[in-house]
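# Descriptive structure summary
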Amino acid sequence: MHHRLRKASFTLCTVASFGIALLAGPTAAWAGNGTNDNGQTTDPNAPSPDGNPPASSANGQIDVHVQTHTHYAGGTPSGGTTPLRSVDANWAPPGCWFEPRFTPEQYQTYFREGMKGWSTGKQYVEPLREKLEAEKYNQGQDGLWWQVTYNPNVPAGYALAHCPPYGDPVVWVPTGDPAPPAGVPRAIDLKDIAYSRTTLPNPPVELSPVAANQTVNLATYVKFVGNFGRVYTTAEINAPAYGINVAATVVAVPAALRIEAGTSYAEPQVCTYDLSAGPGGSYQVDSSKDDCNVTYRKAGSYTLHAELTWQVTWTPSANPDGPVAAPGLPDGLSYADVPVTSREIQTVVR
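I will try to describe carefully the structure that is included in this document.

## Side note on the pattern of salt bridges
All told, the structure shown has 13 salt bridges when counted by the stated rule. A salt bridge links Glu307 to Arg85, with the nearest nitrogen and oxygen atoms 2.9 Å apart. In this pair, Glu307 sits in strand β16 (residues 300–315) while Arg85 sits in strand β3 (residues 85–86), placing the two residues 222 residues apart along the sequence. Judged by relative accessible area, Arg85 falls into the partly exposed class, the value being 36%. With its nearest N and O atoms 3.5 Å apart, the salt bridge here joins Glu206 to Lys223. Taken together, the residues Glu206 in strand β8 (residues 205–208) and Lys223 in strand β10 (residues 221–224) connect sequence positions 17 residues apart. Judged by its relative accessible area of 37%, Lys223 falls in the partly exposed class.

See below:
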């Protein structure tokens, strides 16, 4: 039977100075982890495509981290992207989580090195040192030591404030453990990381007449340009060599487009259009067929605001087409501001 090292009685705050020494290396190694606009991982420490760790380890540690990959229907959006903004003001990204960091032998070396040269504060971690030495850092057992990693995509102050008060900065997780310690990511936890790392295409709106040549008292038609569809982001810890394979995929589907005229000199000032998928799964809108269209009533320069609402679901795997899981996630928003100039003219060419 696997043995789990029970949490020591002291807190992370009590061993803050030693914890900083422990956490500095792994936290720095994770910084910059993410994907570019093509959905390719940009973390230099990322596992290889087969999920195995890199050939070399940083400071004698395991380089296995939470990776995220975003995919856009139709390829990289030509109009740019913005981070998903939750419609729920109470939703917040996680401040920290645990990631696999040491084999038992690596942790023994790392812990002993960290204890060298300490004269003050050493008494706070001495009980932990004695316990680890007595249990030989779980050498001979099948598992890894996982360490707290602060979210590098939020301000440091936020990460600290939203990191739960875990008893230890490092916990032992047996291979295949169905009930890992709190903070060790499961699919339900990875969904929040994926949600926070999702970037959505800006609404690809095209105006008719063109934005720079709007016309007073003439309806402004809106349509999408290009192949526009769902977005999904997978967050995963995948290292088969260590028996680790956990993933969650957040899927965002465009549901409604809201247009705000940007001035009180318009009737109506707001129009909303429901979206539906057409052939090939591409979402389109053409407001010329709709009863609601913004009409400017006074010449001037304004900022038309286009906002997309996305329905967001998630699956407990790397498959975006897998079964939808609970609990649900809040809808997301993306937006674009379009400068428009409305003029009073007699002849209109659309």
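## Details of the nonpolar core
Within the largest apolar cluster, 61 residues are counted, with the highest numbers of intra-cluster contacts made by Trp146, Phe224, Leu257, Ile259, Tyr296, Leu304 and Val340. Top contributing element to this core by residue count: β16, with seven residues. With sequence-adjacent residues up to four places away left out, Leu304 is seen in contact with Leu207, Ile259, Glu260, Ala261, Tyr296, Ala336, Asp337, Val338 and Val340.

## Observations concerning the sheet that holds strand β4 (residues 96–102)
The strand order across the open sheet formed by three strands is β4-β5-β6, and the pairing between neighbours is antiparallel. The sheet is open, and its two edges are formed by β4 and β6 (170–174), each paired on a single side. Strand after strand, the sheet turns through a mean of 40° between neighbouring axes, direction not considered. Taken together, the five bridges between strand β5 (residues 143–150) and β6 define a ladder with antiparallel strand orientation. When the sheet's bridge partners are listed, Leu144 is paired in β6 with Val173. Those strands touched by helix α2 (residues 104–115) are β4, β5 and β6, and its axis lies near 100° from that of β4.

## Remarks on the state of the cysteines
What the rule picks out here adds up to two disulfides. A sulfur-sulfur distance of 2.0 Å marks the disulfide that ties Cys96 to Cys163. Taking the sign of the S-S torsion, about 80° here, the bridge from Cys96 to Cys163 comes out right-handed. Taken together, the residues Cys96 in strand β4 and Cys163 in the loop between α4 (156–161) and β6 connect sequence positions 67 residues apart. For the pair shown, Cys96 and Cys163 are each scored as buried. Put simply, Cys271 and Cys292 are joined by a disulfide, and their sulfur atoms are 1.9 Å apart. A torsion of -85° about the S-S bond marks the disulfide between Cys271 and Cys292 as left-handed.

## Here's the deal with the packing of α2 against helix α3 (residues 122–134)
Interhelical geometry of α2 versus α3 gives an angle of 155° and a closest axis separation of 11 Å. As judged from the angle between their axes, α2 and α3 are roughly antiparallel. Every pair of crossing elements has a handedness; the one defined by α2 and α3 is left-handed. Judged by residue contacts, Tyr107, Phe111, Arg112 and Met115 of α2 engage Lys122, Val125, Glu126, Leu128, Arg129, Leu132 and Glu133 from α3. Residues that form the contact of α2 with α3 fall into these classes: six nonpolar, no polar and five charged.

## Side note on unusual backbone geometry
For the bond from Ser208 to Pro209, the omega torsion is 0°, close enough to zero to count as cis. Put simply, Ala326 and Pro327 share a cis peptide bond, and its omega is 0°. Summarising the element assignment, Pro327 is placed in the loop between β16 and β17 (332–343). One non-glycine residue, Tyr137, adopts positive backbone phi at about 60°.

## So, the environment of Tyr150
Tracing the backbone through its elements, the reader meets Tyr150 in strand β5. As for Tyr150 and Trp97, which are separated by 53 residues in sequence, their C-alpha atoms are 6.6 Å apart.

## Some details on the packing of aromatic side chains
Per the stated rule, a full pass over the model turns up 12 aromatic pairs. Members of the aromatic cluster, connected to one another through ring pairs, are Phe102, Tyr107, Tyr110, Phe111, Tyr137, Trp145 and Trp172. Here Lys191 stacks its cationic end above the ring of Trp314, 5.6 Å away from the centre of that ring. Note that Lys298 overlies the ring of Tyr265, its terminal NZ or CZ placed 4.4 Å from the centroid.

## Digging into α3
Here α3 is 13 residues long and its end C-alpha atoms lie 18 Å apart, about the 18 Å a rise of 1.5 Å per residue gives. Among the residues of α3, Val125, Leu128 and Leu132 are the ones counted as buried. Of the residues one or two after α3, Lys136 is the one with positive phi, at around 55°.

What counts, and at which threshold
- Residues numbered from 1 in each chain as written.
- Predicted model: local features only at pLDDT ≥ 70, side-chain atom pairs only at ≥ 80, totals over all residues.
- Heavy atoms only, no water.
- Salt bridge = Lys/Arg side-chain N within 4 Å of Asp/Glu carboxyl O.
- Helix = DSSP H or I, 4+ residues; strand = E, 2+ residues; numbered from the N terminus.
- Buried < 20%, exposed > 50% of the residue type's maximum accessible area, 1.4 Å probe, protein only.
- Core = buried A, V, L, I, M, F, W, Y, C linked by side-chain atoms within 4.5 Å.
- Contact = heavy atoms within 4.5 Å.
- Pairing = 2+ DSSP bridges.
- Axes fitted to C-alpha atoms, helices over the stretch in contact; angles between N-to-C directions.
- Disulfide = S-S within 2.5 Å.
- Parallel < 35°, antiparallel > 145°, perpendicular 65-115°, else oblique.
- Left-handed = near helix turned anticlockwise from the far one by under 90°.
- Nonpolar A, V, L, I, M, F, W, Y, C, P; charged D, E, K, R; others polar.
- Phe/Tyr/Trp six-rings, centres within 6.5 Å; stacked < 30°, edge-to-face > 60°.
- Lys NZ or Arg CZ within 6 Å of the ring centre and 35° of its normal.
- Expected span 1.5 Å × (residues − 1).

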